[in-house]
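# Understanding the architecture of this molecule
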Amino acid sequence: MNNSARLLGAALVAAAMTGVTAQAAEIVFDGSVSTDFADTNNWVGGSYPASSDYAVLNTTAELTTATPNNIQALRIAQADANSVGVLNVRGTNAYLNANSSSNWDSHIGRKGHGTLNILEGGQAHINFAEIGREPGATGIVNVVEGYLRFTRGSKYSSSSYAGDVSFSVHVGANDHTGGAGYGEINVSGGSFVTRFGIEFGNPTRETNIGKFSVQGTNAVEITIGDTNDGYWMQNTNSTLEIGIDGGVTPINVLENGDGKGAGGAKFAAGAILDVGFINGYSANGTWPVMNCEGSMVNLGLVLSDEAVAAGWNAGIDGNTLYVAYGEDAPGDLEPLTTPIAPSSISALPTSNYVVTVTWEEALLADSYTVQRATTSGGPYTVVASGLTSQSYADTVPAVDTRYYYTVYGVNDQGDGAVSPEDDAYALDATIIDSGAETYGDAYESYSMFDNDTTTHYDTKSAGAWAGLDFGAGNEKQILEVVYITRNYSSWETKVYYYATNATFEASNDADFSSSVILHTVPTDIDAPPAWNAYDVSEAGSYRYVRVKSADNLNNKAFAEVLFMTSDDYTAAGTPKYWLDNEVANASDDYEAAEATDADGDSFTAGEEYIAGTDPNDVDDFLKINSVSNTNGLVITWSSVEGRNYSIITNTSLSVGTPGTLVSGIAGVDGETAYTGTVSGASTVFYEIGVSK
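These lines cover the structure that appears in this document, whether it is placed above or below.

Once that is clear, we can look at the nonpolar core. Nonpolar side chains in soluble globular proteins tend to end up buried together. By size, the foremost hydrophobic cluster in this structure holds 68 residues, and its most contacted members are Phe-37, Leu-87, Phe-192, Phe-212, Trp-232, Met-290 and Leu-321. In terms of residue count, the dominant contributor to this core is strand S25 (residues 285-292) (4 residues). If we ignore the near neighbours within four places in the chain, the residues touching Phe-37 are Phe-29, Trp-43, Tyr-48, Ala-55, Ala-61, Glu-62, Leu-63, Thr-67, Leu-74, Leu-87 and Leu-96.

All right, on to the sheet that holds strand S16 (residues 190-194) then. Sheet architecture is open: 9 strands sit in the order S6-S9-S12-S16-S19-S22-S25-S29-S28, paired in mixed fashion. Each edge of the sheet is formed by a strand with only one pairing partner; in this case those strands are strand S6 (95-98) and strand S28 (312-317). Between one strand axis and the next, the sheet turns by 15° as a mean value, whatever way the strands run.

Here we take up the pattern of salt bridges. Under the definition given, this model contains 17 salt bridges. A salt bridge links Arg-90 to Glu-62; the nearest nitrogen and oxygen atoms lie 3.0 Å apart. Pair noted here: Arg-90 is in strand S5 (residues 84-90) and Glu-62 is in strand S3 (residues 60-63), with a separation of 28 residues, a long-range link. The partly exposed category is assigned to Arg-90, whose relative accessible area is 26%. Through salt bridges with shared partners, one network takes in Arg-110, Glu-130, Arg-133 and Glu-134.

Attention now moves to the sheet that holds strand S40 (residues 480-485). Here we have 3 strands laid out as an open sheet, ordered S43-S40-S45, and antiparallel in their pairing. Across the chains shown, the open sheet's two edge strands, defined by having one partner strand only, are strand S43 (532-535) and strand S45 (558-564). Direction aside, the axes of adjacent strands within the sheet are offset by 15° on average.

To continue, consider the pairing of S5. Regular strands place side chains that alternate from one sheet face to the opposite one. Counting buried positions over the 7 residues of S5 gives 5, a clear majority of the element. As paired elements, S3 and S5 share 4 bridges and run parallel to each other. Residue pairing in the sheet places Leu-63 in a bridge with Val-89 of S5. Pairing geometry for S5 and strand S8 (residues 113-119), over 7 bridges, is parallel. Considered in S8, the bridge of Gly-85 is made with Gly-114.

Turning next to unusual backbone geometry. Along the chain, Gly-378 connects to Pro-379 via a cis peptide bond; the corresponding omega equals 10°. By the element assignment, Pro-379 lies in the loop between strand S32 (367-373) and strand S33 (381-387). Cis rather than trans, the peptide bond between Pro-528 and Pro-529 has omega equal to 15°. Relative to the helices and strands, Pro-529 is located in the loop between strand S42 (515-520) and S43. Of note in the backbone geometry, Asn-279 takes a positive phi value of approximately 55° without being a glycine. Its place among the elements puts Asn-279 in the loop between strand S24 (272-277) and S25. We classify Asn-279 as exposed; its relative accessible area is 69%. A positive phi angle, close to 75°, is found at Asn-501, a residue other than glycine.

So, on to the packing of aromatic side chains. In total, this model carries 31 aromatic pairs according to the counting rule given. Relative to Tyr-498, the ring of Tyr-497 lies with its centre 5.2 Å away and its plane at 75°, an arrangement referred to as edge-to-face. Judged by its relative accessible area of 45%, Tyr-497 falls in the partly exposed class. One aromatic cluster in this structure is built from Phe-150, Phe-192, Phe-200, Phe-212 and Trp-232. Between Arg-546 and the ring centre of Phe-512, over which it is positioned, the NZ or CZ distance is 4.1 Å. The lysine or arginine in question, Lys-556, covers the ring of Tyr-498, its NZ or CZ lying 5.6 Å from the ring centre.

Reading the values: rules and limits
Residues numbered from 1 in each chain as written. Predicted model: local features only at pLDDT ≥ 70, side-chain atom pairs only at ≥ 80, totals over all residues. Heavy atoms only, no water. Core = buried A, V, L, I, M, F, W, Y, C linked by side-chain atoms within 4.5 Å. Buried < 20%, exposed > 50% of the residue type's maximum accessible area, 1.4 Å probe, protein only. Helix = DSSP H or I, 4+ residues; strand = E, 2+ residues; numbered from the N terminus. Contact = heavy atoms within 4.5 Å. Pairing = 2+ DSSP bridges. Axes fitted to C-alpha atoms, helices over the stretch in contact; angles between N-to-C directions. Salt bridge = Lys/Arg side-chain N within 4 Å of Asp/Glu carboxyl O. Phe/Tyr/Trp six-rings, centres within 6.5 Å; stacked < 30°, edge-to-face > 60°. Lys NZ or Arg CZ within 6 Å of the ring centre and 35° of its normal.

Laid out in structure tokens, this is it:
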């Protein structure tokens, strides 16, 4: 078995909570006393909605103070197609808080005509919203002066997107569950901010239309994805409208690393860009209107007929959208025809000599091609093509080799852009486990063998286990167990607790009914990034091996686990996993890697492994620190726990027969000292020997 898969680090996982959500109460604003939105007398029942309620507005209301409660959601123009609702959040004391729940969304124009205005410094924090929700409805949001933030997100996964995308706002759309009406957002001042992405229209219903208008430079900021990944999705017939008054506040789509949009933008075929001068301004120039930290994908964004007739042009250069008048904009608006790159790829060892490669969908792809290399960056060899699924099980020729994979989509226009690279070692074993429920795909049993520092095995039940099946007739003797625990901020109180007393076991029975314990995790294990390595005294050979948590604890402590067999060492005894961590491209030739001296300290990597020193630090090597014979012989040297040292003597550096003064000195981390008697020879040279 090649257990050379490397470090597996920690990742926090948020478990999705499922269950029954209590029905929120619908509290209606009737304006029976005044238009004051915060006045309890203007609400049916005589009280402002509680935090468990949502507010319904089918008339005009003014908010000039802070709302009494943080409510679940806001519904404007909900009654019927003829209902009209307007909420003005006006003045620096005005504060609307409608985000107490992640389960309810707000509607600006649910069935009728709904408007939300942010005026004169007013502030509003709203969960996730649908603007112009149902067929025939109209929703308008105007940010004139103040601050508007949409604080939550709805998740939607579709072939229309490159993977899962979370949206905070649907404009002229309703979570993609059906037809919608018309929605628009107009920003002429203040700040417009979303936590996640924003979507305009519907990719399957071209009559669902959304519009986003930015007028001039008065807006303070327009940020899509301020704390999580933003994404701009502009579907067919939906419009981005730009007014230039000497400039324009740019739209910034940000990437924050949660993988739900990646700070990208996509313009569907027939998405519209409209641009013109405002406030009497007119001059030649080029202006950036949108910047993306992720990829900007154009499938057919077009300038409006009016903009073309007025002499405007536009272009996408890299991940920035520009408009220009009287000069050429950078880039162009030529639509993409070949597939975009899959945004991510995963290569995992899953069974005997098999690496399973999975990837995100590539927009415009009809099929996929998987290619493999033995060095990072290639050259690559195609191992599969014409694939219509997003997974491929690759049978590899060797287990002592790290394999690098990329994937690209293909359509009738040609090959698409290539995915990022991922790598894996194959195992000469099949991963097995107890079947315990885990906290998600990233925390399954293969996470202990996958060379991925961001995942770990994490079960929901006590006594769970995971391990390897070497196969019938392929029993192996385990010489050493090596592991690293997951990296976690509360390591001493969490990870250490779950790791201690876990057992490494071997058996020739699939159910481990008759097994031997190879190792029990002690109380003095090291925290990451240190490896824990322990020799195994058991001499038998076994088909099955596993690591099992204590009967009363979940299996959630281990990042990477190695059951070391003779195949996992070089001929000189250096562990291949150690070489993989310390020497670049070691798997290309382990023997050559073992002989390298990358730091130039005159010790090879193999010798530095024996010494317990760093092969990449020129100042870290086995050396004598001092020799003194003032009051007897005292020799000190830099030492490492787990190594045994000897002192070798000779009367000459070039001739003579060396002798061993003492051996079997146990090392400690730091410095070890030996005290003895001075030799009677006139000159004596001392050397330090080390063994592991």
